[in-house]
Amino acid sequence: MRATRLKHENFAEVWEFEEPAVQFHCYIALHHLGLGPGLGGVRIWNYSKPELALAEVLRLARQMTFKAAIAGLPFGGGKAVLLLPTSPFDRKALLHCFGRAIQSLEGRYITAKDVGSSAQDMALISQETN
């Protein structure tokens, strides 16, 4: 899997992960980590261009920072977007790649369900994470 750290002002970390063999492409944005790891769901969606997915993950991660702060949670803001492939794909393989991407962040990101993801998806992702 290819992992690229992207530079974005006012964000702790922004990552792009790709594994062409299973059509895996995702972004994980960690907006603020001052109170703890970035907390935010994974949105699995059709994006017409990767740039739109990147813009959405940045916007949503920033919002998660504020949600966690308002709720008084010991977490920062994070978010992931996973671009749905346009041709047939193996969802289990895709979600396992996503789990390995999360694991590579060594606890700095905690995911949950969001648009396009389910409890069954979370179970598959957790097979690759601590």
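Above this note sits the structure.
Colleague: Summarise the pattern of salt bridges; cite the residues concerned and give the values.
Modeller: Close approach of charged atoms allows side chains with opposite charge to pair. In this structure the tally under the stated criterion is 9 salt bridges. Two residues, Lys79 and Asp114, come together in a salt bridge whose shortest N-O distance is 3.4 Å. Taken together, the residues Lys79 in strand E6 (residues 76–83) and Asp114 in the loop between strand E7 (109–110) and helix H3 (119–126) connect sequence positions 35 residues apart. In this structure, Glu128 engages Arg100 in a salt bridge whose closest nitrogen and oxygen atoms are separated by 3.7 Å. Of this pair, Glu128 sits in the segment after H3 while Arg100 sits in helix H2 (residues 91–104), placing them 28 residues apart in sequence. Judged by its relative accessible area of 36%, Arg100 is partly exposed. A single salt-bridge network, built from bridges that share partners, covers Arg43, Glu56, Arg59, Lys79 and Asp114.

Colleague: Which residues make up the nonpolar core, and what values go with them?
Modeller: Side chains that are nonpolar tend, in soluble globular proteins, to be buried together. Among the nonpolar cores identified, the biggest contains 20 residues, and Phe17, Phe24, Ile28, Val42, Leu82, Phe98 and Tyr109 are the most heavily contacted of them. Those elements that provide at least two residues to this core are strand E2 (13–19), strand E3 (24–32), strand E5 (42–45), E6, H2 and H3. Take this core: its biggest share by element is 6 residues, from H2. Not counting chain neighbours up to four residues away, the residues in contact with Phe98 comprise Phe24, Cys26, Ile28, Val42, Ala80, Leu82, Tyr109, Thr111 and Ile125. Residues Ala29, Val57, Leu58 and Val81 belong to the second largest nonpolar core, which totals 12 residues.

Colleague: I'd like to hear about the side chain of Lys79, residue by residue, with values.
Modeller: On the basis of relative accessible area, Lys79 is assigned to the buried category, the value being 5%. A distance of 3.4 Å separates the side chain of Lys79 from the side chain of Asp114, its partner in a polar contact. Contacts of Lys79, omitting those with residues within four sequence positions, involve Tyr27, Ile28, Ala29, Gly40, Gly41, Val57, Leu60, Ala61, Met64, Tyr109 and Asp114.

Colleague: Which residues make up H3, and what values go with them?
Modeller: Each α-helix turn comprises 3.6 residues. Residues three or four places apart therefore point the same way. Considered for burial, the residues of H3 that qualify are Asp121, Met122 and Ile125. Taken down its axis, H3 places every buried residue within 100 degrees of arc, on the same side.

Colleague: Can you lay out the pairing of strand E1 (residues 2–6) for me, pointing to particular residues and giving the numbers?
Modeller: On any regular strand, side chains alternate: one points to one face of the sheet, the next to the other face. Bridging between E1 and E2 involves 5 bridges; their strand directions are antiparallel. Following the sheet pairing, Arg2 is matched in E2 by Glu18. Linking E1 back to E2 in an antiparallel pair, the connection comprises 6 residues, with Asn10 at a positive phi of about 70 degrees.

Colleague: Before we move on, can you summarise unusual backbone geometry with the specific residues and values?
Modeller: We note that Gln23 has phi near 60 degrees; this positive angle belongs to a residue other than glycine. By secondary structure assignment, the location of Gln23 is in the loop between E2 and E3. Among the residues examined, Gln23 registers a relative accessible area of 29% and is labelled partly exposed. Although it is not a glycine, Glu106 adopts a positive phi angle of roughly 55 degrees.

How each quantity is defined
- Residues numbered from 1 in each chain as written.
- Predicted model: local features only at pLDDT ≥ 70, side-chain atom pairs only at ≥ 80, totals over all residues.
- Heavy atoms only, no water.
- Salt bridge = Lys/Arg side-chain N within 4 Å of Asp/Glu carboxyl O.
- Helix = DSSP H or I, 4+ residues; strand = E, 2+ residues; numbered from the N terminus.
- Buried < 20%, exposed > 50% of the residue type's maximum accessible area, 1.4 Å probe, protein only.
- Core = buried A, V, L, I, M, F, W, Y, C linked by side-chain atoms within 4.5 Å.
- Contact = heavy atoms within 4.5 Å.
- Polar contact = N/O pair within 3.5 Å; in protein donor to acceptor, adjacent residues only side chain to side chain.
- Arc of directions from axis to C-beta.
- Pairing = 2+ DSSP bridges.

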